[in-house]
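Close look at the chain arrangement
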Amino acid sequence: MAFEYHSSFSFLSQLVITTPHFFIFIFFSLYSVSSSHVTFTSASTRTTSLFNVEHHHEAITLLTWKDSLDNQTQSFLSSWIGRNACDYWFGVTCGRLGSVSNLDLHNCGLRGTLHNLNFSSLPNLLTLNLHNNSLYEPFRLVLIGLLTSLNFLDFSINNLTGPISPSIGNLRNLTTLLLLANKLYGSIPQEIGLLRSLNDLDLSNNNFTGPIPPSVVHLKNLTHLYLTSNNLDGSIPQEMNLDLSSNDLNGSIPTSLGNLSRLSLFYLYGNELSCSIPQEFKLLRSLRVIRLDDNNLIGTIPQEIGLLRFLDNLELSFNNLNGSIPASIGNFSILTNMAVHSNKIHGVIPQEMNNITLLENLQLGKNNFIGELPDRICYGSVLEYFSASGNHSTGPIPKSLKICTSLFRILNLASNNLSSAIPKQLGNFWKLLSLNLSENRFMDTIPDEIGKMHNLQTLNRSRNMLTGETPSLLGVLRNLEMLNLSHNELSGNIPRTFDNLRLADISDNQLEGPLPNIRVFISFEAFENNKDLCRNNVTHNLKPCSSNGKKANKFSVLIIIVLIVRALVFLFSFIMVAYFLFQNLIKRKPKAREVKVNLFPIWGHDGELLYEHIIQGTDNFDSKNCIGSGGYCKT
């Protein structure tokens, strides 16, 4: 017992001794746990409260902007109600934290301003797409510059005005910036070069002025840059992949262009460049489109251009290029469009062009080409538009072109020295809209097959050496609006069924007969210098046509036919009578000796009786009754 008591006392003594420390440990442990719980709960409550306030603020911002738009737009955004923008609001998308991340209202017909849209209240916005609406007022890009998380911005096709703010440089995450087709003006800010993530930049169809900022060369990720249809000037920055068409750029094309090995589109048309085409183009092996038309380019088309095997479109028109077309042009195996018209290119069109079998559009007009046209120019049977007018080409129309049924837009071979007859195969161009063969040396008649060209709207065969009558089948071309057959030697009447003509010229021919009473022949110049035209409503010194002329002509034809028939009947009757008389004569010849000749065929007497009386009265012609004699007979 003593022992047990001692042991218990010993334990209690130790417990009493250690109790203050124990309670202190327990107290601090409980306090720590309680403090941690209170701290965590307080922090969680504050975070949730902040998120709710932020989301509530975003909804208020969008609702405030909605209320500033016109009534129709407000009706369109009828789903924007409540205090939570992430609750199925049209055009609004939220991120994982419940904050607005995308605002996409393109093509929604929104009408109003951006004045009441507080961009600073949408800090987590990644996409802002208001393309093709009717938003107006000055462009508030100062506030948009606060959207540092933004990666897609499209305000194209609206009525926004004003300059682009330098704060554009704050949008470092932006990959797409589309502001085309507005009324923005001023210079393009240098800060745009800070957008190193930018892939697509389109500022076309605005009123920007000044030079292109050199900082754009720092946009290494840029794949599409469109600055077309502005008023930009100055020189072209080097090392760019862009569309700079329809501006006032001058100078030369930088040779560093050859470094853009991945360049596929190169647009510089509609500027004032006055240089030659750099040979560095040969390094752009991925190039599909070259458009340098409508500049002041000089020099020749480089031979090296034939190395661009993937070229699909080559447009060099309206420049001052000279020399000849290089034979390497035949390497363009997939070229579909080639336009070099309105230059000073000369020489023979190379036969290597026959290798380009996918050509759909070929324009060679207004140069100084000589020789014959390529004989297989339509060998691929896909050519739709062909113009070689205003050159010095000779020979006939190429054989492949005669059967080129794919032509459905324009065939223009005017103002050359082409000769021979107009081929009948042109009637196969039933889809063709315009045919111009004027100012050549075509001869012979206009083939009737032209009446098969049912879709033809324009026909010009003036100033050739055509003869014969105007085909009446021209009158069946119901879609024909313009007709020019002037300065030929055509004869005969004019077809009277030109109902849809808006412009016509048949002057300086040998035409005659009634002039169709249609409005295109009101002007005297449209039919002057012909042989014998007439018109019932007498104008321009034309003699009146007989009102009964048509009936008279039919009556005259009828009389002629009757006379011919009567003459033939008379001739046939005469022949038959002569035949029967001849037959009777033949039958009567053997009986001629047996017929007794009646010597006294006196009308009204019996010849036989009279003869007997004479025998009796003369005693059978006794000589005593002779009363006289002559040299041949006795009486």
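The rules we used
Residues numbered from 1 in each chain as written. Predicted model: local features only at pLDDT ≥ 70, side-chain atom pairs only at ≥ 80, totals over all residues. Heavy atoms only, no water. Pairing = 2+ DSSP bridges. Helix = DSSP H or I, 4+ residues; strand = E, 2+ residues; numbered from the N terminus. Contact = heavy atoms within 4.5 Å. Polar contact = N/O pair within 3.5 Å; in protein donor to acceptor, adjacent residues only side chain to side chain. Salt bridge = Lys/Arg side-chain N within 4 Å of Asp/Glu carboxyl O. Buried < 20%, exposed > 50% of the residue type's maximum accessible area, 1.4 Å probe, protein only.

**Examining the sheet that holds strand β13 (residues 231-232)**
Backbone hydrogen bonds are what pair the strands of a sheet, in a parallel or an antiparallel way. Across the sheet, six strands lie side by side as β3-β5-β7-β9-β11-β13; this open sheet has parallel pairing. A strand with exactly one partner marks an edge of an open sheet, and here the two such strands are β3 (111-113) and β13. The sheet contact formed by strand β5 (residues 134-138) and strand β7 (residues 159-162) spans three bridges and is parallel. The residue bridging P138 from the neighbouring strand is T161, located in β7.

**So, the environment of N391**
Relative to the helices and strands, N391 is located in the loop between β21 (385-387) and β22 (392-395). Beyond its immediate chain neighbours, meaning those up to four positions away, N391 contacts L364, G365, K366, N367, N368, F369, S415 and N416. In terms of polar contacts, N391 uses its side chain to reach the backbone amide nitrogen of N367, at 3.2 Å. From its side chain, N391 meets the backbone oxygen of S389 in a polar contact 3.2 Å long.

**A look at the pattern of salt bridges**
For the coordinates displayed, the defined rule picks out four salt bridges. Residue E315 pairs with R291 through a salt bridge whose shortest N-O separation is 3.5 Å. One end of the pair, E315, is in strand β16 (residues 313-315); the other, R291, is in strand β15 (residues 289-291), and 24 residues separate them in sequence. This pair shows no difference in class: E315 is buried, exactly as R291 is. Where D532 meets K543, a salt bridge forms, and the shortest distance between an N and an O atom there is 3.0 Å. You can see D532 sitting in strand β33 (residues 532-534) and its partner K543 sitting in the loop between β33 and α5 (549-588), a full 11 residues away along the chain. It is possible to trace a salt-bridge network through shared partners that takes in R291, D293 and E315.

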